[in-house]
Amino acid sequence: MAVRRETGGWGVNHGMQAFVEVRDLTLRFSGVTALEDVGFDVGGGQICGLVGPNGAGKSSLFNCVSGYYRPSAGSIRVAGQDVLGVPAHRKVRLGIARTFQHPALQPERTVLDNVLLGGHSTLPGSVLSAMLALPGGRRRERALAAEARELLALLGLAGVERTPAGDLPYGSQKRVEIARALLSRPRLLLLDEPASGLTHAEVGELGELITRIRADHDLTVIVVEHHMGLISAVTDHVVALVGGRKVAEGTAQAVQSDPVVVSAYLGVA
Amino acid sequence: MSLMIDLVKPDGGAARRPYGRMLTGAALVIVLAVFPLVMSPFANLQVTLTLVYAVAILGLDILVGWTGQVSLGQSAFFGIGAYGVAVCADRGWPVWAGLLFGVVLAGVVGCLVAVPAARLRGYALGMITLTLPVVAVPLAKRLEVVTGGAQGLNVTIAEAPEWTGLAADQWHYYVVAAGAALVFALAAALRRSHFGRAFDAVRVDEALATAQGVHVTRYKVLAFTLSAVYGGFAGVLYVVAVQFISPETLILTLSISLLAGLAIGGLRSLLGCVLGAAFYVVVPNVTGEVSAGQSYLLYGVCLLAVMLLMPRGVAPALDRVVRNVAGRRGRAVAPGD
Ligand SMILES: Nc1ncnc2c1ncn2[C@@H]1O[C@H](COP(=O)(O)OP(=O)(O)O)[C@@H](O)[C@H]1O
Ligand SMILES: [Mg+2]
């Protein structure tokens, strides 16, 4: 599957198929409508920002893509394939990887082990061959560990690979999650508030990093973030949600100055 | 040697200490090998039984410690393995056939129970697994023709070959030790593989596990099945050790004691499984010596005391002590620190 790269545009590719197509997505919990008729496209190789105040439905949208939530209406297509019918544990095989708003790590295990978990779906083999520690399996494991170390170096975590992940500061834990997601060799990466817990300087580095991994790993990225500096720096295209509805879409600059978005942020601040 | 795998903690000092570790391992193997030659049959049986229960506890650890499930059914799988090999021996079948029969039957029953159980958690899972020993004990009593009923079965299996010149207790010690070492090594390898990471992920956060491509239910069923297989294998080793099985052996109390042993030793530690088993086997002897009438009470007091002093178990507590000592020594020799 070749990923068609588009640069410059917004990813609203009239007449062309977008890499991610969200259509009429509606998600209801008892009493709460988390998403209502949300639709947007993300072109292949683009970085799409997803902004909006807390409770806007951003994480819920990720959870629909991941298969944790079952929307009551609408569709999500990735590379032309309907992903809503695919069970959650198969998403990674479709090339969809994500990080979580609250870092979900194995706190007792080392940082390296946590990243290696991201490569789970790339390691075949039976329980028996794992128990017998057959050479083939061990070779694959070593190769994966080498790849994981490279990713840790890329994310500035080379020095802590043997530290228990639970001992890391919040911001570093979020970067471990990115490394773990990348090890699954995704085509679509969903980042849920990657800049939370980072210092101002670190947010700048994160921005460069996201642009770099997009290019190096041939990725399409959707990033949920409150940090408008980061959104402006990295995104090709921004979608704003308020109360589960899409209220604005366009360049970061246009969305930031959109009166509905501004008043929504002021309303909750 | 397999015990050592768990002790190899990936810390900065690893490069400096492989010799120490190899020496400790070699010393341990030599002590364990010489032990039955110089000790009494009673002492040999204590160590043999400790290894038997260590295997059963290790199986429980895969389910409880690794995967975060709970089971009160381990004594039933222990019983299936034990009766499997004993019944086969009773009919004159070779011991390997009995071993295979017992272990496979335990695994099959484990898998059948696991399929519905994997969708439950907490108390519900505890309750459904509780039924296993509750059903298994009367079943063993009723199926008298096969199982010998309440009297149990006396068998003679794994006799010492003539050329060894070993007494039964010594030979059984070696057989059980070899069997336990083998399955400990298998579990250690599994834990270090991507399966070990996946089991951990299921325990820590099911959504996280799912996002990495781990089918949570399938891994729970797998853990339950492996746990049952280890329980069954421990049952086989038990019959090797005592040459006898009766319904009394697989009562619910054993399941609870094995869980207590796991908690005492510490979760996710091979050494912990052995220490927990040693506690279960050895402490009642000591408390019985102290006061025959109050033995159970004293055992309970010991259990409470250990859990209060070392809430995460003995093995993690030991690990912390070793690391502190090593850390202090490392600091003492570091120049200009
Ligand atoms: N599992 C759930 N059960 C019930 N309501 C939920 C659940 N997940 C999210 N919601 C609700 O959906 C809305 C959107 O939440 P969320 O997607 O987490 O917002 P955001 O990530 O934009 O802050 C909120 O009102 C939230 O309370
Ligand atoms: Mg959120």
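In this text the structure is predicted, and so the values were computed from the model without any measurement.

Draft legend 1. Spotlight on the overall build of chain B. Scanning chain B from N- to C-terminus turns up 15 helices and two strands. A compact globule built from 337 residues should have a C-alpha radius of gyration of about 20 Å, and chain B, at 21 Å, falls within 12% of that. Taken along its principal axes, the extent of the C-alpha atoms in chain B is 75 × 55 × 45 Å. When contacts within chain B are restricted to residue pairs at least 6 apart in sequence, those whose partners lie at least 24 apart make up 77%. Carbon and sulfur atoms make up 70% of the accessible area of chain B, which totals about 15,600 Å². The averaged location of the 15 negative side-chain charges in chain B is 12 Å from the averaged location of its 22 positive side-chain charges.

Draft legend 2. How the structure looks around the packing of aromatic side chains. On inspection of all chains with the given rule, the structure shows 13 aromatic pairs over all chains. Seen in terms of ring centroids, Tyr-68 of chain A and Phe-100 of chain A are 6.5 Å apart; in terms of plane orientation they differ by 20°. Their pairing is stacked. Remark: Phe-100 of chain A occurs in the loop between strand E6 (96-98) and helix H2 (111-117) and Tyr-68 of chain A occurs in the loop between helix H1 (58-66) and strand E4 (73-78); sequence separation between them is 32 residues. Taken together, a centroid distance of 5.5 Å and an interplanar angle of 70° make the contact between Phe-199 of chain B and Tyr-219 of chain B edge-to-face. Taken together, the residues Phe-199 of chain B in helix H9 (residues 194-204) and Tyr-219 of chain B in helix H11 (residues 216-242) connect sequence positions 20 residues apart. Look at Tyr-219 of chain B and you get buried, because its relative accessible area is 10%.

Draft legend 3. How the structure looks around the pairing of strand E9 (residues 237-242) of chain A. All names here are of chain A. For E9, the buried fraction is high: five of the six residues fall into the buried class. The pairing of E9 with strand E10 (residues 245-250) spans five bridges and is classified as antiparallel. In the sheet register, Val-238 faces E10, and the bridge partner there is Gly-250. Hairpin connection of E9 to E10: two residues between the antiparallel strands, including Gly-243 at a positive phi of 55°.

Draft legend 4. Structural context of the site of ligand 1. Residues and elements named next belong to chain A. Contacts to ligand 1 come from Phe-29, Val-32, Ala-34, Pro-53, Asn-54, Gly-55, Ala-56, Gly-57, Lys-58, Ser-59, Ser-60 and Tyr-69. Separating an oxygen atom of ligand 1 from a backbone N or O atom of Lys-58 is a distance of 2.8 Å. At a separation of 3.0 Å, a nitrogen atom of ligand 1 approaches a polar side-chain atom of Tyr-69. Contact with the protein chains hides 64% of the accessible area of ligand 1, taken as 560 Å² for the molecule alone. Put simply, the parts of the chain that give the shell around ligand 1 at least two residues each are strand E2 (32-42) and H1. With three residues, the single largest contributor to the shell around ligand 1 is H1. Here the residues of the shell around ligand 1 sort into six nonpolar, five polar and one charged.

Draft legend 5. Just the UniProt feature "transmembrane region" (unreviewed entry) in chain B, in detail. All names here are of chain B. Per the UniProt entry, the sites bearing "transmembrane region" (unreviewed entry) are residues 21-39, 45-64, 95-115, 122-140, 171-190, 221-245, 251-283 and 295-314 in this numbering. Between the C-alpha atoms that bound residues 45-64 the distance is 28 Å, and the span itself is 100% helix and 0% strand. Strand forms 0% of residues 95-115 and helix 100%; the C-alpha atoms that close the span are 30 Å apart.

Draft legend 6. Examining the pattern of salt bridges more closely. Using the criterion set out here, one finds 17 salt bridges over all chains in the structure. Across the salt bridge formed by Asp-200 of chain B and Arg-109 of chain A, the nearest N and O atoms sit 2.6 Å from each other. A residue pair is termed interchain when its members come from two chains, as with Asp-200 of chain B in helix H9 and Arg-109 of chain A in the loop between E6 and H2. Exposure remark for Asp-200 of chain B: the relative accessible area of 2% places this residue in the buried category. Assessed through its relative accessible area of 10%, Arg-109 of chain A is described here as buried.

Draft legend 7. Broad picture of the coordination of the magnesium ion (ligand 2). Protein ligation of the magnesium ion (ligand 2) involves Ser-59 of chain A (OG) and Gln-101 of chain A (OE1), the donor distances falling in the range 2.1 Å. Residue Ser-59 of chain A is found in helix H1, and its partner Gln-101 of chain A is found in the loop between E6 and H2; the two are separated by 42 residues along the sequence.

Draft legend 8. Summary view of the domain arrangement of chain B. All names here are of chain B. Entries for chain B in the domain assignment read domain 1 (1-38) and domain 2 (41-250). Its C-alpha centre places domain 1 at a distance of 26 Å from the equivalent point of domain 2. The interface of domain 1 with domain 2 comprises eight residues on the first partner and 12 residues on the second. Roughly 830 Å² is buried in total at the junction of domain 1 and domain 2, and carbon and sulfur atoms are behind 65% of that figure. Taken together, the connections running from domain 1 to domain 2 amount to four residue pairs in polar contact (both at pLDDT 80 or more).

Draft legend 9. Broad picture of the packing of helix H8 (residues 168-192) of chain B against H11 of chain B. Residue and element names in this part refer to chain B. At a minimum axis distance of 9 Å, the contact between H8 and H11 shows a crossing angle of 170°. The angle between H8 and H11 falls in the class roughly antiparallel. In this structure, H8 contributes His-172, Val-175, Val-176, Gly-179, Ala-180, Val-183, Leu-186, Ala-187 and Leu-190 to the contact, and H11 contributes Leu-226, Tyr-230, Phe-233, Leu-237, Val-240 and Ala-241. In terms of residue class, the contact of H8 with H11 is made up of 13 nonpolar, two polar and no charged.

Draft legend 10. Looking closely at the packing of helix H12 (residues 252-265) of chain B against helix H14 (residues 295-309) of chain B. All names here are of chain B. Taken N-terminus to C-terminus, the directions of H12 and H14 make an angle of 35°; their axes are 9 Å apart at the nearest point. For the pair H12 and H14, the sense of crossing is left-handed. Mapping the contact onto sequence places Ala-260, Ala-263 and Ile-264 in H12 and Leu-303, Val-306 and Met-307 in H14.

Draft legend 11. A look at the sheet that holds E6 of chain A. All names here are of chain A. With mixed pairing, six strands are arranged side by side in an open sheet as E6-E7-E8-E3-E9-E10. Across the chains shown, the open sheet's two edge strands, defined by having one partner strand only, are E6 and E10. Neighbour-to-neighbour, the strand axes of the sheet open up by a mean angle of 20°, direction not taken into account. Here strand E3 (residues 47-51) runs beside strand E8 (residues 220-224); their pairing, made up of four bridges, is parallel. From the neighbouring strand, Ile-47 faces E8, where its bridge partner is Val-221. Each of E3, E6, strand E7 (188-192), E8 and E9 touches H1; the most contacted strand, E7, lies at about 145° to it. Contacting E6 and E7, helix H5 (residues 170-183) crosses the sheet at an angle of about 165° to E7.

Reading guide: rules and limits
Residues numbered from 1 in each chain as written. Chains lettered and ligands numbered in written order. Predicted model: local features only at pLDDT ≥ 70, side-chain atom pairs only at ≥ 80, totals over all residues. Heavy atoms only, no water. Helix = DSSP H or I, 4+ residues; strand = E, 2+ residues; numbered from the N terminus. Rg over C-alpha atoms; globule rule 2.2 N^0.38 Å. Contact = heavy atoms within 4.5 Å. Areas by Shrake-Rupley, 256 points an atom, 1.4 Å probe, with all protein chains shown as cover. Lys, Arg positive; Asp, Glu negative; His and termini not counted. Charge placed at Lys NZ, Arg CZ, Asp CG, Glu CD. Phe/Tyr/Trp six-rings, centres within 6.5 Å; stacked < 30°, edge-to-face > 60°. Buried < 20%, exposed > 50% of the residue type's maximum accessible area, 1.4 Å probe, protein only. Pairing = 2+ DSSP bridges. Near = heavy atom within 4 Å. Polar contact = N/O pair within 3.5 Å; in protein donor to acceptor, adjacent residues only side chain to side chain. Nonpolar A, V, L, I, M, F, W, Y, C, P; charged D, E, K, R; others polar. UniProt positions renumbered as here; feature names shortened; annotations may be inferred. Salt bridge = Lys/Arg side-chain N within 4 Å of Asp/Glu carboxyl O. Donors = N, O, S within 2.8 Å, 3.2 Å for Na, K, Ca; no water. Domains from an automatic or database assignment. Buried area = accessible area lost by both parts, 1.4 Å probe. Axes fitted to C-alpha atoms, helices over the stretch in contact; angles between N-to-C directions. Parallel < 35°, antiparallel > 145°, perpendicular 65-115°, else oblique. Left-handed = near helix turned anticlockwise from the far one by under 90°.

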